[in-house]
Every structure is written in C-alpha cells, then in structure tokens.
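Working through the structure, step by step
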Amino acid sequence: MLNNLKIGTKLAVGFGVALFTILLLNVISLTNLSSLDDGITDLAHDKFPKTVWANDIIDAINDNSRAIRNVFITDDPEVKETELKRLTWGKEWVDARVDSLYRTVKTDEGKKLIDKLQDIRKNEYFKARTEMLGYLKNGNKAAAAEMLFGNFRDAQRAYMDAAIAIIKYQNDLVQLTAGDAEESYHFAQTLTLILSVLALLFVIAAAYFITKSITKPINLVVTRINELESVGITN
C-alpha cells in the first residue's frame, strides 16, 4: 500500500502517526489526572471538612464542661452568667456543625450516626444538663453534684462517643479515598509508561516501513541508472 503513495504523502503519514500517538498519550494522561484530581478534591472539600466539624463538636462539649465547672465553683453571679452564655454559644456552634454534616453526608450509615448524635444530645445530654443546672440554680448543690458525677457524666460520655463515631467513620472514608487516589496514580503511571513504550515502538516501526518504502524505489532507480551507465560505457 505504501509503495503506491507519493513521497510527500508517505512523509505526511509518518508525521501523522507520530502526532496521533502524542495526542493519544496526552488524552490518556489528562483523563487520569482528572480522575486523580477528583479524588483529591473529594478529600479536601468533602470528607476532611466533616472530620473537622465532628471535632468541633467535641471541642464544644469540652468547653461546655469547663463552663459548667466554673458555674459550680464560683459564687460570683456575673461570672455564672458569663459561663452560662458559653453554653448557649456552644449550642449554636454545634447546631451549625450538625447542620453542615446533615447537608453533606450522603451515605445511610453516615446519616444514622448523625441521627444518633442528635438523639443523645437532645434526649440525654440536654435533659441531664438542664436538670443539673436547675438544681444548682435553686441552691441544691448536692443534688447538682450528684448528677454531675452520675447521669450528666454518662450522658456527656455517650454524646462524645457519638461524635467520635462520626469522626472514625469519616476518617475511614478519608483513608479509603486516599487509597483509591494512590491506586489511580499508580495505574496512570503504569498505563502511561506502557503506552509510551508501545507508542515509541509503533512510531519506530512506522518510520522504518515508511523509510523503506521511500528508499527502496530510490535504490532501484539508482541501481537502474548505474546499470544504464555501465551499458553506455561498454558500448
């Protein structure tokens, strides 16, 4: 087939083959880079922020504990009022984080963990805290202290465990996504290397056959001219 083409056409075919292999490698590389970028974006903008929000909830729980401790040990009404305001701020802080989790968590398991957190928070933690602070407000410090080391502590522990469960779940997803991204990288690296070698061999083979198809007729012509010249000299 190549023998029937003109030299210019053969050269064009050779350059076309080379450009096609370069284009193919670029397309494959860009596709793999896009896949890797999607994984990194998912980590940075979806899964990791969820672990931050859940950790913020734990920070709020700990801050509430310090505020409650201060309410117990101080007799200054202004200090008590300031510390109780921290509880209100903490509730608003956690509400925002829980809302963010509800908006972004897509899996059924993740939603169940958030539901569990909210159930413990509203029906155990808030209930025990309100009752304990009510005792304290009414001057029944002994009953408040009993709740502090009893029902309230249990509720707070359950609340914190629920937040930790969300963190663990999201961390597992982070590790899974990171593993997928690493596999995508190694796959892309291996595929690009294999295709590069195949493309190089293909270009070399194409160049060889195209060059041969060009030089063979030329060599025949040169040989024929030499033969004719030999005949002319002999005559």
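Since this is a predicted model, take the numbers as computed values, not measurements. (Residues numbered from 1 in each chain as written. Predicted model: local features only at pLDDT ≥ 70, side-chain atom pairs only at ≥ 80, totals over all residues. Heavy atoms only, no water.)

1. Description of the nonpolar core
What counts here: For this analysis, a nonpolar core means a set of buried residues of the types Ala, Val, Leu, Ile, Met, Phe, Trp, Tyr and Cys, connected via side-chain atoms within 4.5 Å. Accessible area is worked out with a 1.4 Å probe on protein chains only. A residue is then buried under 20% of its type maximum, exposed over 50%, and partly exposed in between. Every helix listed is a DSSP run of H or I at least four residues long, and every strand listed is a run of E at least two residues long, numbered separately from the N terminus. In this analysis, two residues are considered to be in contact whenever any of their non-hydrogen atoms come within 4.5 Å of each other.
Counting 36 residues, the largest nonpolar core has Ile57, Leu117, Met132, Tyr159 and Ile166 as its most contacted members. When contributions to this core are tallied by element, the ones reaching two or more residues are α1 (7-73), α2 (77-104), α3 (108-137), α4 (141-148) and α5 (151-234). The residues touching methionine 132, leaving out its near neighbours within four places in the chain, are Ile68, Phe72, Ala144, Met147, Leu148 and Phe152.

2. Some words on empty space enclosed by the protein
As a reminder of what qualifies: With a 1 Å grid laid over protein atoms only, a set of points is called a cavity when a 1.4 Å probe fits there but cannot get out and a pocket when it is open yet has protein on both sides within 12 Å along at least five of seven lines; lining residues have an atom within 4 Å of a point. Grid points are joined across faces, edges and corners, and a volume is the space filled by probe spheres set on the points. Residues were grouped as follows: Ala, Val, Leu, Ile, Met, Phe, Trp, Tyr, Cys and Pro as nonpolar; Asp, Glu, Lys and Arg as charged; and all remaining residues, including Gly, as polar.
For the structure shown, the criterion picks out 1 cavity of 30 Å³ or more. The volume enclosed by the largest cavity comes to roughly 40 Å³. Every element with two or more residues in the lining of the largest cavity is listed here: α2 and α3. Looking at side-chain class alone, the lining of the largest cavity contains 5 nonpolar, 2 polar and 3 charged residues.

3. What to know about the packing of α2 against α3
Applied cut-off: Here, axes are lines fitted to C-alpha atoms. For helices the fit covers the stretch in contact, and angles between N-to-C directions go from 0 to 180 degrees. Each angle receives one of four descriptions, namely roughly parallel if under 35 degrees, roughly antiparallel if over 145, roughly perpendicular if within 65 to 115, and oblique otherwise.
At a minimum axis distance of 12 Å, the contact between α2 and α3 shows a crossing angle of 170 degrees. It follows that α2 is roughly antiparallel to α3 by the angle criterion. Each of Leu84, Leu87, Lys91, Val94, Asp95, Val98, Leu101 and Tyr102 in α2 lies in contact with α3, whose residues at this interface are Ile114, Asp115, Leu117, Gln118, Arg121, Phe126, Arg129 and Leu133. A breakdown of the residues in the contact of α2 with α3 according to their chemical character gives 10 nonpolar, 1 polar and 5 charged.

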